[in-house]
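# Working through the structure, step by step
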Amino acid sequence: MRLSRKAWNNVVIISMLLMIFFFNGLHKKLNTQPVEEGVQALLPEQSFILAMAFPELKIERIGTSWRSQSLQETTWQGDEQQLEQLVELWQHQQLTIASLPVSKISQASADYVASVWLAGEQLPAVYQLYNIDQQYYLLDKRLQRVFELEQADAAKLFPLYPF
């Protein structure tokens, strides 16, 4: 079966349109976050923390232990065991998804920021702590999720923040 030049042009045009629609739809499908409710893990389940950074402190994995480096004058007097407990808390923390939309949170300025470097990720996961109307919220910038926090949980996750 032999096609004319005009027929081949039509085949190519239709093929390109189908590819554009496919990739556009795939892109939207991959980037659309499902409606989230209830309690979810702060970090992905199988993630491996390599380093964490707060405004005053950086925590890095050195082999099987942890090392802290003060970035500013700080009152943190944590030892290696406390560093490991802090990292484990971040690793396994379950928080409630807030009903507050990301757009309302983004209008306020963050009170405190934490960056978490995970194995296999090029950029750190950034978490911003907000205190709005005497309620603490944690914004996951990477996934655009907002978590509700009790003050006790916020104090554990951000030990250098002045509560």
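Residues numbered from 1 in each chain as written. Predicted model: local features only at pLDDT ≥ 70, side-chain atom pairs only at ≥ 80, totals over all residues. Heavy atoms only, no water.

Looking at an unreviewed UniProt entry, the chain carries the name Orphan protein, with the source organism given as Pseudoalteromonas gelatinilytica.

Taken as a whole and judged by the stated rule, the model has three salt bridges. Between E60 and K58 there is a salt bridge, and its shortest N-O distance comes to 3.8 Å. In the salt-bridge network here, residues are joined through shared partners; they are K58, E60 and R67. (Salt bridge = Lys/Arg side-chain N within 4 Å of Asp/Glu carboxyl O.)

Our next topic: helix α2 (residues 80-92). Compared with an ideal rise of 1.5 Å per residue, which puts 13 residues at 18 Å, α2 spans 18 Å between its outermost C-alpha atoms and is within 8% of the ideal. All buried positions along α2 are accounted for by L83, L86, V87, W90 and Q91. Looking straight down α2, one finds its buried side chains confined to an arc of 140°; they lie on one side. Relative to its buried face, α2 has exposed residues pointing more than 90 degrees away, namely Q81 and H92. In this fold, the buried residues of α2 make contact with β2 (49-53), β3 (57-62), β4 (65-70), β6 (112-118), β7 (125-132) and α4 (151-157). (Helix = DSSP H or I, 4+ residues; strand = E, 2+ residues; numbered from the N terminus. Expected span 1.5 Å × (residues − 1). Buried < 20%, exposed > 50% of the residue type's maximum accessible area, 1.4 Å probe, protein only. Arc of directions from axis to C-beta. Contact = heavy atoms within 4.5 Å.)

For the rest of this paragraph, the subject is the side chain of E56. Considering the arrangement of structural elements, one finds E56 in the loop between β2 and β3. For the buried residue E56, which engages in no salt bridge, the nearest side chain bearing the opposite charge is K58, 14 Å off. Within polar-contact distance, the side chain of E56 engages the side chain of Y112 at 2.3 Å. (Lys, Arg positive; Asp, Glu negative; His and termini not counted. Polar contact = N/O pair within 3.5 Å; in protein donor to acceptor, adjacent residues only side chain to side chain.)

Reading across the sheet, the nine strands line up as β1-β5-β9-β8-β7-β6-β2-β3-β4 and stay open at both edges, with antiparallel pairing between neighbours. Looking along the sheet, the strands with just one partner apiece sit at the ends: β1 (39-41) and β4. With direction set aside, neighbouring strand axes in the sheet form an average angle of 30°. As judged from the five bridges shared by β6 and β7, these two strands associate in the antiparallel manner. The residue bridging V116 from the neighbouring strand is A125, located in β7. Contacts between α2 and the sheet are confined to β2, β3, β4, β5 (94-97), β6 and β7, with β4 contributing the most and set at about 100° to the helix. (Pairing = 2+ DSSP bridges. Axes fitted to C-alpha atoms, helices over the stretch in contact; angles between N-to-C directions.)

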